[in-house]
Amino acid sequence: MTARTPEERHDGHRGGDGYGVPDGHGHRPGAAGHPGGPHSDKPGPLIGRSVPRKEDPRLLTGRGRFVDDLTEPGVLHAQFVRSTVAHGEVTALDLDAVRRVPGVVAAFDATDLGLGDITARLHRPPEEFTETAMPVLARRRVRYIGEPLAVVVARDPYAAEDGLEAARVAYDEREPVVSEAAALTDGAPLVHEAAARNTLVDVAPFATEGIDDVFAAAHRVVRVEARTGRQNALPLETRGALAHWDDRAEQLVLQTCTQVPHQVRTVAAGCLGLDERAVRVVVPDMGGGFGLKCVVGREEIATAAAALRLRRPVKWIEDRKDALTASFLAREQHYDVRAAFAADGRILGLDADIVCDMGAYSCYPFTAGIEPLMAAAELPGVYRVPAYRVRGRAVTTNKAPSAPYRGVSRPQYVMVMERLFERAARELGVDAVELRRRNLITDFPYTGINGITYDPGSYRESLDLCERTLREEGWYERRDAAAAAGRRLGIGYACFNERTGYGSAAFAQRRMDMVPGYDLAEVRMDPGGAVSVTTGTMSHGQSHETTLAQIAADVLGLDLAKVKLHQGDTDRVPYGWGTFASRSVTIGGSAVRLAAERLGEKLRRLAAARWDVPWEETELHRGTVRRRDVRDTEVPAVPYAELAALAHFRAHLLPKDLEPGLTATASFDVFHDGTFSNATHGVVAALDEDTGGITLLRYVCVEDCGVAINPQVVEGQCRGGIAQGIAGALFEQITYDERGEPSATGFLDYKVPTAQEIPDITLFHLETPCASNATGAKGVGEGGTIGAPAAVLNAVNDALRATGTELDTLPVTPEAVHRALHGA
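Owing to the predicted nature of the structure, the values given are computational and were not obtained by experimental measurement. (Residues numbered from 1 in each chain as written. Predicted model: local features only at pLDDT ≥ 70, side-chain atom pairs only at ≥ 80, totals over all residues. Heavy atoms only, no water.)

**Quick notes on a negative patch on the surface**
Consideration 1: A cluster of acidic side chains, namely Glu161, Asp162, Glu165 and Asp319, defines a negative patch on the protein surface.
Consideration 2: Residue position: Glu165 is located in helix H4 (residues 157-166).
Consideration 3: With relative accessibility at 65%, the residue Glu165 sits in the exposed group. (Patch = residues over 30% accessible without salt bridge, like charges linked within 9 Å, V, L, I, M, F, W, Y side chains within 5 Å. Areas by Shrake-Rupley, 256 points an atom, 1.4 Å probe, with all protein chains shown as cover. Salt bridge = Lys/Arg side-chain N within 4 Å of Asp/Glu carboxyl O. Lys, Arg positive; Asp, Glu negative; His and termini not counted. Charge placed at Lys NZ, Arg CZ, Asp CG, Glu CD. Helix = DSSP H or I, 4+ residues; strand = E, 2+ residues; numbered from the N terminus. Buried < 20%, exposed > 50% of the residue type's maximum accessible area, 1.4 Å probe, protein only.)

**Description of the packing of aromatic side chains**
Consideration 1: Throughout the structure, instances matching the rule amount to 13 aromatic pairs.
Consideration 2: Taken together, a centroid distance of 5.9 Å and an interplanar angle of 90° make the contact between Phe80 and Trp316 edge-to-face. Here Trp316 lies in strand S16 (residues 314-317) and Phe80 lies in strand S3 (residues 76-82), a separation of 236 residues in the sequence.
Consideration 3: An aromatic cluster is defined as three or more aromatic residues linked by ring pairs; in this entry it consists of Phe366, Tyr502, Phe507 and Phe580.
Consideration 4: Directly above the ring of Trp245 sits Arg311, whose terminal nitrogen or CZ lies 4.7 Å from the centroid. (Phe/Tyr/Trp six-rings, centres within 6.5 Å; stacked < 30°, edge-to-face > 60°. Lys NZ or Arg CZ within 6 Å of the ring centre and 35° of its normal.)

**Here's the deal with unusual backbone geometry**
Consideration 1: Cis rather than trans, the peptide bond between Phe444 and Pro445 has omega equal to -10°.
Consideration 2: Structurally, Pro445 is set in the loop between helix H12 (432-439) and strand S20 (446-447).
Consideration 3: In this model, Leu810 is joined to Pro811 through a cis peptide bond whose omega is 0°.
Consideration 4: In this fold, Pro811 is placed in the loop between strand S33 (809-810) and helix H21 (814-821).
Consideration 5: At Arg331, a position not held by glycine, the phi torsion is positive, near 90°.

**Observations regarding the sheet that holds strand S9 (residues 148-154)**
To summarise the sheet geometry, strands pair through backbone hydrogen bonds and adopt either a parallel or an antiparallel arrangement.
Consideration 1: Pairing within the open sheet is mixed, and its 7 strands lie in the order S5-S9-S3-S16-S13-S14-S15. The sheet terminates laterally at strand S5 (104-109) and strand S15 (279-282), the two strands that pair on one side only. Across the sheet, the mean angle separating the axes of adjacent strands is 25° when strand polarity is ignored.
Consideration 2: Running over the sheet, H4 touches S3, S5 and S9 and is turned about 25° from S3.
Consideration 3: Strands in contact with helix H8 (residues 298-310) are S3, S5, S9, strand S13 (240-246), strand S14 (251-256) and S16; relative to S16, the strand with the most contacts, it is inclined by about 160°. (Pairing = 2+ DSSP bridges. Axes fitted to C-alpha atoms, helices over the stretch in contact; angles between N-to-C directions. Contact = heavy atoms within 4.5 Å.)

**Considerations on the pattern of salt bridges**
Consideration 1: Summed over the entire model, instances satisfying the criterion amount to 70 salt bridges.
Consideration 2: A salt bridge links Asp186 to Arg197; the nearest nitrogen and oxygen atoms lie 2.5 Å apart. Of this pair, Asp186 sits in the loop between helix H5 (180-183) and strand S11 (199-207) while Arg197 is found in the loop between H5 and S11, placing the two residues 11 residues apart along the sequence.
Consideration 3: Residue classification places Arg197 among the partly exposed residues on the basis of a relative accessible area of 41%.
Consideration 4: Its salt-bridge partner being Asp480, residue Arg479 comes within 3.9 Å of it at the nearest N-O pair.
Consideration 5: Salt bridges here are not isolated pairs; linked through shared partners, they connect Arg220, Arg419, Arg423, Arg426, Glu427, Glu806 and Asp808.

**Section: the side chain of Arg406**
Consideration 1: You can see Arg406 is positioned in the loop between strand S19 (388-395) and helix H11 (410-428).
Consideration 2: One buried charged residue, Arg406, remains without a salt bridge, the closest side chain of opposite sign being Glu782 at 6.6 Å.
Consideration 3: Excluding residues within four positions of it along the chain, Arg406 makes contact with Phe290, Arg331, Pro411, Gln717, Gly720, Gly721, Gln724, Gly781, Glu782 and Thr785.

**Quick word on helix H13 (residues 459-472)**
Consideration 1: Compared with the 20 Å implied by 1.5 Å per residue over 14 residues, the 20 Å span of H13 between its first and last C-alpha is a close match.
Consideration 2: Turning to H13, its buried residues number three or more, namely Tyr459, Ser462, Leu463, Leu465, Cys466, Glu467, Thr469 and Leu470. (Expected span 1.5 Å × (residues − 1).)

**A look at H12**
Consideration 1: Within H12, 6 of the 8 residues are buried, which leaves it mostly tucked inside the rest of the structure.
Consideration 2: The elements touched by buried residues of H12 are strand S17 (333-341), strand S18 (347-357), H11, H13, strand S22 (488-500) and helix H20 (783-799).
Consideration 3: One side-chain oxygen at the N-terminal end of H12 lies 3.1 Å from the backbone nitrogen of Val433; it belongs to Asp431. (Polar contact = N/O pair within 3.5 Å; in protein donor to acceptor, adjacent residues only side chain to side chain.)

**Quick notes on the sheet that holds strand S23 (residues 519-525)**
Consideration 1: Taken together, 4 strands build an open sheet; the order of strands is S25-S24-S23-S29 and the sheet is mixed. What marks the edges here is a single partner per strand, and that holds for strand S25 (563-566) and strand S29 (663-668). The average angle at which neighbouring strand axes cross in this sheet is 20°, direction not considered.
Consideration 2: Relative to strand S24 (residues 531-535), S23 runs antiparallel, the two sharing 5 bridges. Opposite Ala521, over in S24, you have Thr535 as the bridge partner.

**Structural notes on the confidence of the model for the protein chain**
Consideration 1: Summing up the model confidence of the protein chain, the mean pLDDT is 94 and the portion of residues at 70 or higher is 94%.
Consideration 2: Within the model, the stretch residues 20-41 combines pLDDT values under 50 with 67 contacts to residues more than four positions away or in other chains. (pLDDT = per-residue confidence, 0-100.)

Here is the structure:
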């Protein structure tokens with residue numbers, strides 16, 4: 001392992017906050033924008049360099065093309081009639097008045113369109129999984145407020161909205177189930193008749209023999225019961241779709257903002273009764289996804305169905321109210337976990353009961369198991385846990401369904417584990433950071449009690465550097481001085497790992513009907529020597545146009561400007577799994593690297609044939625092929641453009657074993673447990689005695705994502721993730737009243753942090769290269785979000801230490817802090 005430490009740390013102070021907040025930023029040597037940093041105008045390898053993002057000139061000058069920027073001649077606009085009750089039977093749905101509204105062209109309900117259902121499956125026994133079908137448009141039963149009942153198609157968006165107001169719907173209302181506790185109550189109303197006790201998933205994958213004896217003999221047993229609130233992933237761009245029928249191609253073309261275009265194609269073809277060849281899904285620029293868009297939505301399928309029915313282009317753009325109330329949500333979880341500790345602080349065992357409120361339906365393709373299966377499998381995290389028992393359940397309620405959201409259960413279970421260590425440290429009289437050190441995994445590879453093998457990481461190193469930073473900056477002294485002056489200051493930490501690069505083997509353990517994992521790439525050189533890269537991954541802000549191009553250009557020794565990435569088109573890649581679970585560089589990037597290497601071999605074979613030498617005696621060098629054993633002055637190197645022209649235009653001169661053209665494809669998969677990034681986050685928080693307000697004064701993140709293809713992109717991912725984690729820790733939550741009415745219909749009700757609430761963030765980068773993929777990179781897309789809630793909550797509880805009160809519910813509100821401070 002190569003540990004990269006900061007060159008320097010500036011300890012300038014920002015006045016006026018009363019705590020002396022440092023304004024420093026830590027960087028590994030050579031970080032972009034700092035002395036010695038790599039720049040794109042310097043020769044040498046592109047991997048590890050903060051080259052400017054290729055996307056930026058287009059996106060920052062308003063030339064991006066998002067779904068709402070797209071149009072087609074004669075385009076119509078769609079909106080959805082949605083249920084106004086959380087649970088009931090539709091006794092009447094009258095669309096006749098809708099069709100008479102000026103500007104309305106058509107209105108369709110489920111019977112009119114006759115679509116198949118969206119059904120996500122796990123291959124598990126009935127006692128572990130209950131299958132539920134999600135109709136594209138509800139037929140008779142409605143299961144949450146906002147569920148789509150009919151689609152109204154009009155000449156403009158305003159007429160479509162007018163049409164919604166003319167719809168007449170009558171219901172036979174039923175009692176809704178609006179919490180996981182209510183769902184599991186004996187005699188509770190059933191959201192789905194097939195789901196006994198409203199349970200869709202109930203698994204107990206681990207139960208160490210003799211674990212009850214472990215707890216009985218333990219020196220100390222601590223318990224944490226924690227809850228986290230329901231959130232929306234809140235991408236800047238809401239969902240949307242534009243569909244039209246292409247007569248010439250005999251294809252339905254669906255342009256939509258999705259992270260998983262091929263899965264959308266599969267579902268659209270199935271629901272519409274078309275061959276997959278007859279559906280083309282194209283993704284333009286996309287303004288964020290965060291997991292919300294890595295499942296298949298009902299509205300995009302209904303929009304496609306309306307376009308197919310009318311043979312007219314149809315466009316749907318989700319407004320923010322529908323995004324908050326009727327789109328996919330996440331994060332509402334309840335943990336009841338015990339941990340057994342020895343007298344010396346070693347953890348002896350974990351016993352966990354995890355319940356996730358997944359809303360009304362299973363999402364496709366991951367099912368309602370996405371959150372409980374993740375949490376049950378990976379709860380032990382970075383710690384050596386010798387005994388483990390867990391039960392994970394997904395319950396169904398009368399709320400909008402859940403989908404993956406950046407981190408998928410890891411922000412929650414990391415919070416629980418870190419709370420356990422904080423509580424155990426207090427009861428054992430041990431420093432909490434030292435207690436973590438005694439239990440961190442330090443010998444790699446390490447196979448845990450959960451059957452997962454962890455590849456090398458810098459768990460101990462990241463914790464040490466994070467703590468040392470806060471100590472050297474004087475925060476521990478400031479905390480003590482603040483307490484003496486009657487002010488509340490706290491320091492909190494979170495240690496965690498993040499499994500990334502899930503391959504088919506890891507996903508197969510979930511027993512999904514569709515098993516993601518592999519990805520495909522094509523690298524093609526045109527006759528002039530420029531390169532096109534096509535991949536099955538899908539960028540929604542991760543800079544794939546830059547980072548994947550860096551990988552290909554690095555292999556081929558090309559200038560980055562000569563490489564162009566193509567993604568998000570199901571007609572260009574046979575099948576791809578898109579972007580989620582921090583897989584794009586680890587899996588997709590590895591496929592790109594392998595394809596680029598194969599293309600490089602073809603170039604070398606062409607040149608070797610010219611010189612009549614074995615191709616192994618040639619090498620790629622700055623856009624040319626040269627002989628290894630002869631200097632340029634003796635045998636000139638051959639430019640790629642010359643070889644490309646030969647391959648395309650003079651096929652009769654090619655060696656018999658080489659086909660015309662210059663195209664190479666490759667796939668990449670992982671047939672083990674994947675790779676693990678890791679990090680430690682440290683937070684300093686101040687509490688306001690009068691209001692309970694929480695101010696974050698300092699944030700330090702020490703992360704290790706292996707080889708950073710583009711350090712500037714890595715930093716952006718970390719900073720954005722941390723901001724989202726802080727949002728979940730302190731601000732964002734959707735609640736429901738007893739009728740199942742959601743509390744948040746806009747930003748007046750759904751609290752989102754601004755830049756003012758995000759503290760200075762210092763990032764330190766360690767580097768433990770991954771040995772099991774072609775890039776050495778580990779995923780980094782979710783780590784910031786995973787660590788922030790635990791670190792923030794621990795800092796708040798540290799500030800409350802004198803009160804004897806601890807908080808274990810997120811988001812932490814000023815009201816909860818005020819009650820804790822004043823003993824209410």
